[in-house]
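# Breakdown of the fold
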Amino acid sequence: MSEKSDLILSPSLGEFFREEITDARDGLGIELEECVEYYLVNLLCNYSTSSERPLPGDEPLAFLYKRAIDAQDTADRIQHLRDLGDVALYSAGFFADNIHRSMVDVDYYVSMGGNAYCGLADIVGGQRNGGGMALMYSSLGAEFPVLVGLLNYVE
């Protein structure tokens, strides 16, 4: 007896995730800025391959936040805030059931991640030629709950 399996045919992982994000966006009837959509596709690609970056569940978000606050170097602070935002978004978007069984709720992830991206917007906005990145991070922070819902839909 043979079971039908879903075979994913896509020229690349990026193209696959772009289609998933586009379908979710259209299914939910939301609009995304192109840079935010691009960021989400790259986020999903990065978490689909081996990475040196923190993964959901590696450590509490508060530890990532403390590392960002304690960073003396601006580049380190940027990386830690980005890691915090990314881990919070990916976790809340794909592991909401696990979060509901933990000591914190999804609102904690939304708050931590949204604030991390807003903090990034403030830092990079003050840098030379950082205006475009600041707008993207500001959008990620402001739309964080919507983006969590979008990733839940992709799941």
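Residues numbered from 1 in each chain as written. Predicted model: local features only at pLDDT ≥ 70, side-chain atom pairs only at ≥ 80, totals over all residues. Heavy atoms only, no water.

In this section: the overall build of the chain. Scanning the chain from N- to C-terminus turns up eight helices and zero strands. In the chain, the order of α-helices and β-strands from amino to carboxyl end is α-α-α-α-α-α-α-α. For the chain, buried positions account for 41% of its 155 residues. Pairs at least 24 apart in sequence give 67% of the contacts found in the chain among residues at least 6 apart. Carbon and sulfur atoms make up 51% of the accessible area of the chain, which totals about 9300 Å². (Helix = DSSP H or I, 4+ residues; strand = E, 2+ residues; numbered from the N terminus. Buried < 20%, exposed > 50% of the residue type's maximum accessible area, 1.4 Å probe, protein only. Contact = heavy atoms within 4.5 Å. Areas by Shrake-Rupley, 256 points an atom, 1.4 Å probe, with all protein chains shown as cover.)

Before going further, it helps to examine the confidence of the model for the chain. On average, residues of the chain carry a pLDDT of 87, and 90% of them reach 70 or more. Under a pLDDT of 50 for its full length, residues 1-5 has, in the predicted model, zero contacts with residues more than four places off or in other chains. (pLDDT = per-residue confidence, 0-100.)

Non-glycine residue asparagine 129 carries a positive phi angle of around 60°. By the element assignment, asparagine 129 lies in the loop between α6 (106-125) and α7 (131-142). The exposure class of asparagine 129 is exposed, given its relative accessible area of 74%.

On to the pattern of salt bridges. Throughout the structure, instances matching the rule amount to six salt bridges. In this structure, aspartate 26 and arginine 25 form a salt bridge, with 3.0 Å as the shortest nitrogen-oxygen distance. Take arginine 25: its relative accessible area is 18%, and that puts it in the buried class. A salt bridge links arginine 82 to aspartate 86, with the shortest nitrogen-to-oxygen separation between them at 3.6 Å. A residue pair is termed a helical-turn pair when its members lie 3 or 4 positions apart in one helix, as arginine 82 and aspartate 86 do in helix α4 (residues 74-94) at four residues. (Salt bridge = Lys/Arg side-chain N within 4 Å of Asp/Glu carboxyl O.)

Bringing the packing of helix α3 (residues 61-70) against α4 into the picture now. At a minimum axis separation of 8 Å, α3 and α4 run at an interaxial angle of 160°. Considering the angle they form, α3 stands roughly antiparallel to α4. The crossing of α3 and α4 is left-handed. Counted together, Leu61, Leu64, Tyr65, Arg67, Ala68 and Ile69 of α3 and Arg77, His80, Leu81, Leu84, Val87 and Ala88 of α4 form the full contact between these two elements. Of the residues that constitute the contact of α3 with α4, the class distribution is nine nonpolar, one polar and two charged. (Axes fitted to C-alpha atoms, helices over the stretch in contact; angles between N-to-C directions. Parallel < 35°, antiparallel > 145°, perpendicular 65-115°, else oblique. Left-handed = near helix turned anticlockwise from the far one by under 90°. Nonpolar A, V, L, I, M, F, W, Y, C, P; charged D, E, K, R; others polar.)

This next bit is on the packing of aromatic side chains. Going through the model one piece at a time under the given rule, you end up with eight aromatic pairs. Judged by centre distance (6.1 Å) and plane angle (80°), the ring pair of tyrosine 39 and tyrosine 137 falls under edge-to-face. Placement of the pair is tyrosine 39 in helix α2 (residues 34-48) and tyrosine 137 in helix α7, with a sequence separation of 98 residues. Relative to tyrosine 109, the ring of tyrosine 108 has its centre 5.8 Å away and its plane inclined at 90°; by these criteria the two rings are edge-to-face. With a relative accessible area of 15%, tyrosine 109 lands in the buried category. (Phe/Tyr/Trp six-rings, centres within 6.5 Å; stacked < 30°, edge-to-face > 60°.)

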